[in-house]
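# An overview of the molecular structure
Each chain, letter by letter, is given below.
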Amino acid sequence: DALFWQVLHGGRYQDIGRALEVHTAAYLQDPGDALTAAHTGWLHIWRLAESSRLAQVPATITDDAVLARKYFEEAVRLQPGEARFQGFLGSALLAEGAIHKDEKLTRQGYYTLLDSIDAWPEFNLFTAGYSLSRLPAESARFKQALEMQWRTLDLCVGQPVSRQNPDFRPYMGQATETGTKRVC
């Protein structure tokens, strides 16, 4: 757990491989631990999502979508009430569906994301919006992704944020480390 957060919070993309080795070994020791499964999935989805950091992106980077889905499916199965796991499962399904041009998987990912938003909007509106933001800017889904980001901000501050001049200084005192708004 500590290694996962060190790598993630440190933005140490280059250390994902080492962290995955440790997390996969931990998962194999205890495949019934939802958090270990989720951390392993998060490392895979992060490696895929930010693969543009690599000088040369290998074709096998797509395997990370398949593995992320597998680990998030396990995490959701083990802890079905955890909305973060559900949101990232939706993202992994979307990614894998896009890679394999599998419309059914893509739709499943999209609707999984929508369900995850119902479960925890402050977290999963961002997750869904980020996942859909890779689509062409002129597409309806990209526009929906942008609106999801704005809705996240509106929910976090408790009122509509100006789309023309977003100023968060008045809301900084609302920061919290508890409850659903802790992600804000």
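Model, not experiment: these values are computed from the prediction. (Residues numbered from 1 in each chain as written. Predicted model: local features only at pLDDT ≥ 70, side-chain atom pairs only at ≥ 80, totals over all residues. Heavy atoms only, no water.)

## Section: the overall build of the chain
Put simply, the rule is: By definition, any uninterrupted DSSP run of H or I lasting at least four residues is a helix, any uninterrupted run of E lasting at least two residues is a strand, and each is numbered from the N terminus. Only the C-alpha atoms count toward the radius of gyration. The rule for a globule is 2.2 Å times the residue count to the power 0.38. The rule is simple: take the accessible area with a 1.4 Å probe, protein chains only, and divide by the maximum for that residue type; under 20% is buried, over 50% is exposed, in between is partly exposed. Should any heavy atoms of two residues lie within 4.5 Å, those residues are considered in contact. Each accessible area is a Shrake-Rupley result for a 1.4 Å probe, and residues are judged covered by the shown protein chains and nothing else. Neither His nor the chain termini are counted; the positive set is Lys and Arg, and the negative set is Asp and Glu. Note on charges: their place is set at NZ of Lys, CZ of Arg, CG of Asp or CD of Glu.
When you go through the chain residue by residue, the secondary structure sums to 8 helices and 0 strands. Helices and strands appear in the chain in the N-to-C order α-α-α-α-α-α-α-α. Computed over the C-alpha atoms, the radius of gyration of the chain is 17 Å, within 12% of the 16 Å expected from 2.2 N^0.38 for a compact globule of 184 residues. When each of the 184 residues of the chain is scored for burial, the buried share is 42%. Partitioning the intrachain contacts of the chain with sequence separation of at least 6 by distance along the chain shows that 53% fall at a separation of at least 24. If you sum the accessible surface of the chain, you get close to 10,400 Å²; carbon and sulfur atoms cover 55% of it. Separation between the mean location of the 19 positive side-chain charges and that of the 22 negative ones in the chain comes to 3 Å.

## Considerations on unusual backbone geometry
Even without being a glycine, Lys-101 presents a positive backbone phi close to 50°. Tracing the backbone through its elements, the reader meets Lys-101 in the loop between α5 (83-99) and α6 (103-119).

## Structural notes on the state of the cysteines
In plain terms, the rule: When the sulfur atoms of two cysteines come within 2.5 Å, that pair is taken as a disulfide.
Summed over all chains, the structure comprises 1 disulfide. Two residues share a disulfide in this structure: Cys-156 and Cys-184, whose sulfurs sit 1.9 Å from each other. Given an S-S torsion of about -75°, the disulfide between Cys-156 and Cys-184 has left-handed geometry. With a gap of 28 residues between them, Cys-156 in helix α8 (residues 140-157) and Cys-184 in the segment after α8 connect regions that are remote in the sequence. The exposure class of Cys-156 is buried, given its relative accessible area of 12%. When its relative accessible area of 48% is taken as the criterion, Cys-184 is described as partly exposed.

## As for the packing of aromatic side chains
Geometry of an aromatic ring pair is reported as the spacing of the ring centres plus the angle between the planes. Test applied: We call Phe, Tyr and Trp rings a pair once their centres come within 6.5 Å, taking the six-membered ring for Trp, and we label the pair stacked below 30 degrees between planes, edge-to-face above 60, and tilted otherwise. Placement of a positive charge over a ring is assigned whenever Lys NZ or Arg CZ falls within 6 Å of the ring centre and within 35 degrees of the normal to the ring plane.
Under the counting rule described, the total for this entry stands at 13 aromatic pairs. Each ring, one from Phe-72 and one from Phe-88, has its centre 5.7 Å from the other, and the planes form 20°; the classification is stacked. Taken together, the residues span a long stretch of sequence, with Phe-72 in helix α4 (residues 63-78) and Phe-88 in helix α5 at a distance of 16 residues. Take Phe-88: its relative accessible area is 18%, and that puts it in the buried class. Of the aromatic side chains, those joined through ring pairs into one cluster are Phe-4, Trp-5, Trp-42, Phe-72, Phe-85, Phe-88, Trp-120 and Phe-123. Sitting over the ring of Tyr-110, Arg-141 keeps its end group 3.8 Å from the ring centre.

## Some words on the environment of Thr-180
As for its position among the elements, Thr-180 is in the segment after α8. Look at Thr-180 and you get partly exposed, because its relative accessible area is 42%. Thr-180 has contacts with Trp-120 and Glu-122, leaving out every residue within four places of it along the chain.

## Here's the deal with the nonpolar core
Cut-off, in case you're wondering: As used here, the term nonpolar core means buried Ala, Val, Leu, Ile, Met, Phe, Trp, Tyr and Cys residues forming a set that is joined through side-chain atoms within 4.5 Å.
One finds Trp-42, Leu-43, Ile-45, Phe-72 and Phe-85 to be the most contacted residues of the largest nonpolar core, which totals 29 residues. Elements that contribute at least two residues to this core include exactly α1 (2-9), α2 (16-29), α3 (34-49), α4 and α5. For this core, the element with the most residues is α3, which contributes 7 residues. Judged by nonpolar contacts, the second largest core, of 9 residues, contains Tyr-110, Leu-125, Ala-145 and Met-148.

Treat this as a map of the structure, not an account of what it does.
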